[in-house]
Protein chains: 2
Amino acid sequence: LEIRSGAVGVGKGMPMGFIIIAPGINTEAWCRHLLAADPGLDLRVWPDSGDPATVSFALVWQAPPGELQRYPHLRCIASLGAGADHILSDPQLPAGVPVTRVVHDSLSRGMSEYVLATVLSQCRHLWRFQQDQRRARWRRRLPMETAKTCIGIMGLGQLGADAARRLGQHGFPVVGWSRTPKKIEGVAAYAGDNQLRPFLARSQVLVCMLPLTPATRDILNAAAFAALPRGAYLINVARGEHLVEDDLFEALTDDQLSGACLDVFREEPLPESHPFWHHPRITVTPHVASITHPGLVAPQIVANYRRVQNGKPPRNQVDRQRGY
Amino acid sequence: LEIRSGAVGVGKGMPMGFIIIAPGINTEAWCRHLLAADPGLDLRVWPDSGDPATVSFALVWQAPPGELQRYPHLRCIASLGAGADHILSDPQLPAGVPVTRVVHDSLSRGMSEYVLATVLSQCRHLWRFQQDQRRARWRRRLPMETAKTCIGIMGLGQLGADAARRLGQHGFPVVGWSRTPKKIEGVAAYAGDNQLRPFLARSQVLVCMLPLTPATRDILNAAAFAALPRGAYLINVARGEHLVEDDLFEALTDDQLSGACLDVFREEPLPESHPFWHHPRITVTPHVASITHPGLVAPQIVANYRRVQNGKPPRNQVDRQRGY
């Protein structure tokens, strides 16, 4: 394995280092699965970077801004999740280095399951029952009827389209909205700025699954909430920057929104002092809608590492302009 | 309408009264939907029974024991839900009067949705995250993987079979157990006392959907819990009498069970002083797994009322011996 791993370029002093830069994440499982996929990997975990000049590949989750430009011979910057906005937002991001993201069935499956679980929890009032339970209060509540509860999916990329299909199969009416028109069976699809309001007007449960781009930042704002049916419910599994927090508080106070389930936040971990934690109609989950299982995606990451070592372009590249 | 409604037997002084006996239930919606189905209905709501001798039809949910024998001319005792055990358990139940239950697609659909919602909530740790939220604690937890989490359904009647199919479609491995052998596509079906243990040994999430009969009372006991895989989760949507409460507490203390979601109880409403309310690993919901929507089933109840007024046997009769 030493031979296979070292066969490319070692003689020429080509950098072989593979670094994980993921401050908030327990990297133990990542190291284990990466080494299982390539036992000879010259693996390092930030902040123990060794000589930055010997690093060719960075696996990244919310790296400190400016950190990546310290490595002069990077050939690939790989997000360890489905989103790469946390990389593209670095003002000192090295130019010309390909940025990749993880693409795997399990990501959309996991995300769709989270969306279905939270939609059903809301429709069946499971969170309210848990609040009732703390007060030993027995109060029956009629479910929101599946066939009469329209779910609006913002963002019909791989993840959004899968969630829309799954919710439709489950019996919910589903509408979708995306930048460019999409066709998904059983989903009434809207597209572009002009069709945002009619889409919102039908969304009794609004699920944000958009990529974060300049065009989608702050899209969950007072105007959007006002366009929803009264008493709508919000689920955000995309990025904290999609949501204008003050507008959410106001919409909840006005009962324009009945509640919200938030998995993503402008600052993560969500600071202890943040009012989201204790708002009675906000459910907070710790960015788990789509957790990347290291064991499932380590092989594709190592495959990309080998590709760039061999001078090939990596797979699953992100378009820096488009943002995803 | 008076004429239609009164056409049968009034001249002969035949009793026409329809009474609702449902102490714990808000009967307003029932009255509304029954009168919508038959505006001439001679409708009464217990305890305002009028002359018991003029009542021919009783719509019942957890009537006080002995109450039904006060009505000498009953032609039908109708449960307003899918279960009739609350009627059959009355030691003074009038002999020879047909007992019926409600059969409607919406009941199995609602029940399956509740089961899916609670299974997913457990697999995605949504209840634990809500507990974390109260302490402003950000702790990510890997989901239980759908394809590796075997769900065991006890009881494969109309409701159990539907839930088993739905969970299977969702990607869960499903095993089922029933008194007599059943065939359901995609479900590994076990039957009878001899196959109870091998069934339990595979059930990482055990869902009780059995009818309550002398044979199934107390079936969720220490021996059953010991036969489950360690750390299994229990969901009971059947009847409180299926569960031996002390055995559940012990299994939770020993970590043989990781938790339980209970929708039904030996005493309902669950008394304020009951320890279930405040156990950190027990989720209580107020008997809502399958709520009968009055608007959907009032027509079939009124149809049965007309049948018995016309001397025909009612539909959806319960076998008193079998118990369902």
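Residues numbered from 1 in each chain as written. Chains lettered and ligands numbered in written order. Predicted model: local features only at pLDDT ≥ 70, side-chain atom pairs only at ≥ 80, totals over all residues. Heavy atoms only, no water.

Q: Sorry, what's going on with the pattern of salt bridges here?
A: A side chain of one charge can pair with a side chain of the opposite charge if their charged atoms are brought near each other. Summed over the entire model, instances satisfying the criterion amount to 22 salt bridges over all chains. The partner of Arg32(A) in a salt bridge is Glu28(A), with the nearest N and O atoms 3.0 Å apart. Taken together, the positions of Arg32(A) and Glu28(A), both in helix H2 (residues 28-37) and 4 residues apart, correspond to about one turn of that helix. Two residues, Asp85(B) and Arg239(B), come together in a salt bridge whose shortest N-O distance is 2.8 Å. Residue Asp85(B) is found in helix H3 (residues 85-88), and its partner Arg239(B) is found in the loop between strand E10 (232-236) and helix H9 (245-253); the two are separated by 154 residues along the sequence. Take Asp85(B) and Arg239(B): they sit in the same class, and that class is buried. Each of Asp132(A), Arg137(A) and Arg141(A) takes part in salt bridges that share partners, so that together they form one network. (Salt bridge = Lys/Arg side-chain N within 4 Å of Asp/Glu carboxyl O. Helix = DSSP H or I, 4+ residues; strand = E, 2+ residues; numbered from the N terminus. Buried < 20%, exposed > 50% of the residue type's maximum accessible area, 1.4 Å probe, protein only.)

Q: I keep staring at the sheet that holds strand E1 (residues 17-21) of chain A and nothing clicks. Help me out?
A: Within a sheet, each strand pairs with its neighbour through backbone hydrogen bonds, oriented either parallel or antiparallel. Residue and element names in this part refer to chain A. Reading across the sheet, the 5 strands line up as E2-E1-E3-E4-E5 and stay open at both edges, with parallel pairing between neighbours. Looking along the sheet, the strands with just one partner apiece sit at the ends: strand E2 (43-45) and strand E5 (99-100). As paired strands, strand E3 (residues 55-60) and strand E4 (residues 76-79) are joined by 4 bridges and run parallel to one another. By the bridge assignment, Phe-57 is partnered in E4 with Cys-76. Most of the contacts of helix H10 (residues 294-309) go to E3, to which it runs at about 155°, and overall it touches E1, E3, E4 and E5. (Pairing = 2+ DSSP bridges. Contact = heavy atoms within 4.5 Å. Axes fitted to C-alpha atoms, helices over the stretch in contact; angles between N-to-C directions.)

Q: Can you walk me through the side chain of Ser178(A) in this structure?
A: Residues and elements named next belong to chain A. With respect to the helices and strands, Ser-178 occurs in strand E7 (residues 174-178). Assessed through its relative accessible area of 4%, Ser-178 is described here as buried. Here Thr-180 takes part through its backbone oxygen, which lies 2.7 Å from a polar atom of the side chain of Ser-178. When residues no more than four places from it in sequence are discounted, the contact partners of Ser-178 are Leu-156, Tyr-190, Ala-191 and Gly-192. (Polar contact = N/O pair within 3.5 Å; in protein donor to acceptor, adjacent residues only side chain to side chain.)

Q: Teacher, can you tell me more about the interface of chain A and chain B here?
A: Listed by partner, the interface residues are 49 residues for chain A and 49 residues for chain B. A buried area of about 4,500 Å², summed over both sides, lies between chain A and chain B, and 61% of it is on carbon and sulfur atoms. It is Arg124(A), Gln133(A) and Trp138(A) in chain A that bury the most area against chain B; as a group they hold 18% of the surface buried on that side. At the junction of chain A with chain B, the criterion picks out 2 salt bridges. (Buried area = accessible area lost by both parts, 1.4 Å probe.)

Q: Help me understand the sheet that holds strand E10 (residues 232-236) of chain A, please; the structure alone is not making it clear to me.
A: Residue and element names in this part refer to chain A. Here 7 strands make up an open sheet; going across it, the order is E8-E7-E6-E9-E10-E11-E12 and the pairing parallel. Bordering the open sheet on either side are strand E8 (187-191) and strand E12 (282-284), each of which pairs with just one other strand. Neighbour to neighbour, the strand axes of the sheet diverge by 15° on average, direction disregarded. Summarising the sheet, strand E6 (residues 151-154) and E7 pair through 4 bridges and their orientation is parallel. Residue Gly-152 lies in a different strand from E7, and its bridge partner there is Val-175.

Q: Just checking my understanding: could you explain a positive patch on the surface for this structure?
A: Side chains of Arg128(A), Arg134(A), Arg135(A), Arg139(A), Arg128(B), Arg134(B), Arg135(B) and Arg139(B) sit close together on the surface and give a patch of like positive charge. Of all the elements in the fold, those that place two or more residues in the positive patch are helix H5 (126-134) of chain A together with helix H5 (126-134) of chain B. If you trace the backbone, Arg128(B) turns up in helix H5. Of the residues examined, Arg128(B) reaches a relative accessible area of 40% and is grouped as partly exposed. (Patch = residues over 30% accessible without salt bridge, like charges linked within 9 Å, V, L, I, M, F, W, Y side chains within 5 Å. Areas by Shrake-Rupley, 256 points an atom, 1.4 Å probe, with all protein chains shown as cover. Lys, Arg positive; Asp, Glu negative; His and termini not counted. Charge placed at Lys NZ, Arg CZ, Asp CG, Glu CD.)

Q: When you look at H5(B) in this model, what are you seeing that I'm missing?
A: Helical geometry note: an α-helix holds 3.6 residues per turn, so side chains three or four residues apart project in the same direction. Regarding H5(B), the residues found buried are Leu126(B), Trp127(B), Phe129(B), Gln130(B), Asp132(B) and Gln133(B). In the segment just after H5(B), Ala136(B) is the residue with positive phi, at about 50°.

Q: Is there a simple way to think about the relation of the copies chain A and chain B in this case?
A: What relates the pair of chain copies is a rotation about an axis plus a shift along that axis. Rotating chain A by 180° and moving it 0.0 Å along the rotation axis overlays it on chain B with an RMSD of 0.1 Å. With respect to symmetry, the two chain copies, as superposed, fit the operation of a two-fold axis. Judged by C-alpha distance, Ala117(A) is the residue of chain A that lies nearest the rotation axis, at 2.9 Å. The residues that chain A uses at the interface reappear at the interface of chain B in 100% of cases, marking a shared surface. (Least-squares fit on C-alpha atoms with pLDDT ≥ 70 in both.)

Q: Please clarify how the confidence of the model for chain A should be interpreted in this entry.
A: Segments scoring low in pLDDT should not have their predicted coordinates read at a detailed level. Residue and element names in this part refer to chain A. On average, residues of chain A carry a pLDDT of 93, and 96% of them reach 70 or more. Segment residues 1-11 is flagged for pLDDT under 50; beyond a separation of four residues in sequence, or across chains, it makes 15 contacts in the model. Model confidence for the complex is summarised by a pTM of 0.84, with the ipTM given as 0.84. (pLDDT = per-residue confidence, 0-100.)

Q: How should the pairing of strand E11 (residues 257-262) of chain A be read in this particular structure?
A: Residue and element names in this part refer to chain A. Most of E11 is tucked away, with 5 of its 6 residues classed as buried. Pairing geometry for E10 and E11, over 5 bridges, is parallel. Of the residues in E11, the one forming a bridge with Asn-236 is Leu-262. Here 3 bridges tie E11 to E12, and the two strands are oriented parallel to one another. Along E12, the bridge assignment pairs Ala-260 with Ile-282.

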